[in-house]
Amino acid sequence: MTQALALASKGQTLTSPNPSVGCVIIDTAGQVLGQGSTQRAGGPHAEVVALRAAQDAGHPVRGATAYVTLEPCSHFGRTPPCCDALIEAGLARVVVAQQDPNPLVAGQGIARLRAAGVAVELLAPEHPAAVAAREINIGFFSRMLRKRPWVRLKIAASLDGSTALQNGLSQWITSPAARADGHAWRARASAILSGIGTVLADNPRLDVRLVETARQPQLVVLDSRLQTPLDAQLFMAERPVWIYGAVPDAARQAALQARGASVSYRPGPQQQVDLVAMLIDLGQREINELHVEAGQRLNGALLQAGLVDELLVYLAPSLLGPGRGMAALGPLSRLTDGLALKFKSSTAVGPDLRIVARIQGQDRF
């Protein structure tokens, strides 16, 4: 199962909107017969890749055991059911790390295997491998169970919390190593979100350039009044660009659509985009992980609305004094009103420190 989890981890930048799954097939002596991971959406799933690998190597799999990080699917989607492929191959046993949260599967794959005489072991939810399997696909679990993406807020700041100087200068607070690491996190996301303030101030590309990737995440821009420039660098990457507005403007909408963007309106209070409605719509568009790179206003709005699940923070070993903060949250009168976090990891990345912190309770679904 450890090897299957490693295979699943490698597929995180490839499989969206499908979950990233790993499969290892062994014989009764514990020798690996075949292994594989889920391919790009529409391609074969992990179980089929592993079965084909065993066949190509000339290894019969009848009576073998498959270790799979997620329940084999039982429905016809972009590909046929994986549980049927395992049954037809004659496997005797399947060990599953996590039940599939997709309502189209949700235990039905396991039931079909057992009905065919295959012994199935489903790991307990607290088993370390089960926990790891869920973490690999935390966005997929979020979309299936909460109907919205897992929202990860990325911030690069000085040690005293400045993300830019008062005059707006921010390039570059963190090191090249931290920026490359940030691009690796971009690559695993289904989509990248930013706000019109960042687009107008920095004219960013918001794509994956500093690491290799098999696909570019889609781009989402919150632009209430459709102010995105038609020559913005964000149009340079070959990927869908979705712009959410709040104030209809037929002329600007037509111009942006001619540029290749998809424009939709989700009006909320004070002529701003309704953030909850936007996330629900992104869930319907099959976005699993949403990677946010925005300014302090949008960061603060998402946090105050309780829509951020995790923070990805890069701290540089520098002090910049008064500047622009991580998020505009407003002053508090009591310490107990602060947003409670749980540190998941802290890792040195070049000269900088990467902290992954989770909003307490956001992963209980």
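Criteria and thresholds
- Residues numbered from 1 in each chain as written.
- Predicted model: local features only at pLDDT ≥ 70, side-chain atom pairs only at ≥ 80, totals over all residues.
- Heavy atoms only, no water.
- Core = buried A, V, L, I, M, F, W, Y, C linked by side-chain atoms within 4.5 Å.
- Buried < 20%, exposed > 50% of the residue type's maximum accessible area, 1.4 Å probe, protein only.
- Contact = heavy atoms within 4.5 Å.
- Salt bridge = Lys/Arg side-chain N within 4 Å of Asp/Glu carboxyl O.
- Helix = DSSP H or I, 4+ residues; strand = E, 2+ residues; numbered from the N terminus.
- Arc of directions from axis to C-beta.
- Pairing = 2+ DSSP bridges.
- Axes fitted to C-alpha atoms, helices over the stretch in contact; angles between N-to-C directions.

So, about the nonpolar core. Ranked by internal contacts, the top residues of the largest apolar core, which has 31 residues, are Met278 and Leu282. In contact with leucine 282, not counting residues within four places along its chain, are Pro149, Val220, Trp242, Tyr244, Ile287 and Leu290. One finds Ala85, Leu113, Phe140 and Phe141 within the second-largest nonpolar core, a separate group that totals 27 residues.

Attention shifts here to the pattern of salt bridges. In this structure the tally under the stated criterion is 18 salt bridges. Ionic pairing is found between aspartate 181 and arginine 354, a salt bridge with its closest N-O pair at 2.9 Å. Note that aspartate 181 is positioned in helix α7 (residues 176–188) and arginine 354 in strand β16 (residues 352–359), a separation of 173 residues in sequence. By relative accessible area, which is 14% here, arginine 354 ends up buried. Salt-bridge contacts for arginine 266 lead to aspartate 281; the nearest nitrogen and oxygen are separated by 2.9 Å. Of the two residues, arginine 266 sits in the loop between β11 (261–265) and α10 (275–284) while aspartate 281 sits in helix α10, which places them 15 residues apart along the sequence. Look at aspartate 281 and you get buried, because its relative accessible area is 8%. Counted as one network, the salt bridges with shared partners bring together Glu135, Arg152, Arg188, Glu289, Glu310, Arg358 and Asp363.

Attention now moves to helix α4 (residues 108–115). Looking only at α4, the buried set comprises Gly109, Ile110 and Leu113. Mapping the buried residues of α4 onto a view down its axis gives an arc of 100°, with all of them on the same face. Where α4 is buried, its residues meet α3 (82–89), β4 (93–96) and β5 (119–122).

Ordered in space as β11-β10-β9-β8-β12-β6-β13-β16-β15, the 9 strands form an open sheet in which the pairing is mixed. Every interior strand has two partners, whereas the edge strands, β11 and β15 (341–349), have only one. Here the average twist between neighbouring strands, direction ignored, is 20°. The pairing of strand β6 (residues 150–158) with strand β13 (residues 310–316) spans 7 bridges and is parallel. Within β13, the position partnered with alanine 157 by the bridge is leucine 315.

Before going further, it helps to examine the sheet that holds strand β1 (residues 22–26). Spatial ordering of the open sheet is given by β2-β1-β3-β4-β5, a layout of 5 strands whose pairing is mixed. Looking at the sheet topology across the chains shown, the edges are occupied by β2 (32–37) and β5. This sheet shows a mean twist of 15° between the axes of neighbouring strands, independent of strand direction. With 4 bridges joining them, β1 and strand β3 (residues 65–68) adopt antiparallel strand pairing. Within β3, the position partnered with cysteine 23 by the bridge is valine 68. Its contacts with the sheet put helix α2 (residues 46–56) on β1, β2 and β3, and the angle it makes with β2 is roughly 140°.

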